[in-house]
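In case you want the letters, here they are:
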Amino acid sequence: MWFGTRDGLDRYDGYTFRHSRSKPFNENSLPNNVVLSLVEDPWGLIWIGTDGGGLCAYDRTQDTYTHFHHDPANTQSLGGGSVSTLVIDSARTLWIGTSGGGLSRLDLCAYHNPSLPARERARFSTVTTRGADGKRLSSDEVLGLYVNSDASIWATLSTGNFDRIDIRSGAVRTYWWAPDGYRTDGRPVTRSRGLRFCFLPMVSHGFIFGDKAQVFEYRSNDDRIHNVGALHTPRVDGVRAVI
């Protein structure tokens, strides 16, 4: 088990914990001690998103770290330095949500292909608010990601709305807040709730998720996000688990 903390990375093997921290001027360590996101790829690499240190890949067999940083002069570098969320889709693409740098993606099949030159294995592509019409995000502050079964990525944003990215075409649809939920013809309203938790797929028609105060359901038949109801909690702590 792996635990990302604000003071490094912990690994528990069932008996003991092993703690790893960033070491100044040592590339073979965490790039930053504040770990915001973790995901394991099909090849066994642990991808680690940090707050300000970019992204890194940890190879447990070699006990090595590979760092990836944002370079403003390189359009194929990571989109931003703070990586808030990570997911991997069925095509083995790593999606990287950043805080201020938009949404980056990395082809893991290419990354793990030893026949390719190193410079071609780690090519990131990024979608931001500065993209072409129909292919731009509504905010570069990505807080959460969810891979849906219809070959789309759902991004929750700091502006309190959602962007749906079609994995195949790259088309982006924005779902704005409306009194009865979220929809594409809603209105831009910055809302304080922001972060969403705990997506639960529904086999027949969409998914359910909770935020800090309410529960919502996306229904593919009308392409809208419906407000199911408010949480009955004494504090607005939000949904932390759902099965």
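Residues numbered from 1 in each chain as written. Predicted model: local features only at pLDDT ≥ 70, side-chain atom pairs only at ≥ 80, totals over all residues. Heavy atoms only, no water.

## Thoughts on the pattern of salt bridges
Put simply, the rule is: Every case where a carboxyl oxygen of Asp or Glu lies within 4 Å of a side-chain nitrogen of Lys or Arg is listed as a salt bridge. Under the scheme applied here, a residue whose accessible area is under 20% of the maximum for its type counts as buried, over 50% as exposed, and between as partly exposed, the area being computed with a 1.4 Å probe on protein chains only.
On inspection of all chains with the given rule, the structure shows nine salt bridges. Its salt-bridge partner being Asp133, residue Arg136 comes within 2.9 Å of it at the nearest N-O pair. Classification of Asp133 by relative accessible area gives exposed; the value is 67%. A salt bridge links Glu217 to Arg219; the shortest N-O distance between them is 3.5 Å.

## Focus on the packing of aromatic side chains
Worth spelling out the cut-off: Whether two aromatic rings pair depends on their centres lying within 6.5 Å, for rings of Phe, Tyr and Trp, where Trp uses its six-membered ring; planes under 30 degrees apart make the pair stacked, over 60 edge-to-face, and the rest tilted. Under the DSSP-based scheme used, a helix requires at least four consecutive residues in state H or I and a strand at least two consecutive residues in state E, with every element numbered from the N terminus.
Evaluation of the coordinates by the stated rule reveals 12 aromatic pairs. Arranged with centres 5.9 Å apart and planes meeting at 50 degrees, the rings of Phe3 and Phe17 form a pair that is tilted. Of this pair, Phe3 sits in strand β1 (residues 2–5) while Phe17 sits in strand β3 (residues 17–20), and the two are 14 residues apart along the sequence. By relative accessible area, Phe17 is classed as exposed at 54%.

## Observations concerning the side chain of Ser29
Formally: Any pair of N or O atoms that falls within 3.5 Å is considered a polar contact. Within protein, one atom must be able to donate a hydrogen and the other to accept it, and sequence-neighbouring residues count only if both atoms are side-chain atoms. For this analysis, residues touch if any pair of their heavy atoms sits within 4.5 Å.
With respect to the helices and strands, Ser29 occurs in the loop between β3 and β4 (35–40). Within polar-contact distance, the side chain of Ser29 engages the backbone nitrogen of Lys23 at 3.0 Å. Filtering out sequence-adjacent residues up to four positions away, Ser29 remains in contact with Arg21, Ser22, Lys23, Tyr65 and His67.

## With respect to empty space enclosed by the protein
What counts, and what does not: Within this scheme a cavity is a closed region of a 1 Å grid, computed over the protein atoms alone, that accommodates a 1.4 Å probe without allowing it to escape, whereas a pocket is open but has protein on both sides within 12 Å along at least five of seven lines; lining residues each have an atom within 4 Å of a point. Grid points are joined across faces, edges and corners, and a volume is the space filled by probe spheres set on the points. Residues were grouped as follows: Ala, Val, Leu, Ile, Met, Phe, Trp, Tyr, Cys and Pro as nonpolar; Asp, Glu, Lys and Arg as charged; and all remaining residues, including Gly, as polar.
On inspection of all chains with the given rule, the structure shows one cavity of 30 Å³ or more. Of the voids in this model, the largest cavity is the one considered here, and its volume is about 50 Å³. It is strand β2 (residues 8–12) that provides the largest number of residues to the lining of the largest cavity, a total of three residues. Of the residues contributing to the lining of the largest cavity, the split by class is four nonpolar, one polar and three charged.

## Considering the pairing of strand β5 (residues 46–50)
Here is the rule we go by: Here a strand pair is declared whenever DSSP counts at least two bridges between the two strands.
Extensive coverage of β5 is indicated by the burial of five of its five residues. The alternating pattern of β5 places Ile46, Ile48 and Thr50 and Trp47 and Gly49 on opposite faces, both of which are buried. In this sheet, β5 lies alongside β4 in antiparallel orientation, the contact comprising five bridges. Looking at β5, one finds that Leu38 is bridged to Ile48. Inspection of the sheet shows β5 paired to strand β6 (residues 55–59) by four bridges, in the antiparallel sense. Pairing of Ile48 across the sheet is with Cys56, part of β6. What sits between β5 and β6 in their antiparallel hairpin is a turn of four residues, with Gly52 showing a positive phi close to 100 degrees.

Worth remembering: the numbers are spatial, not functional.
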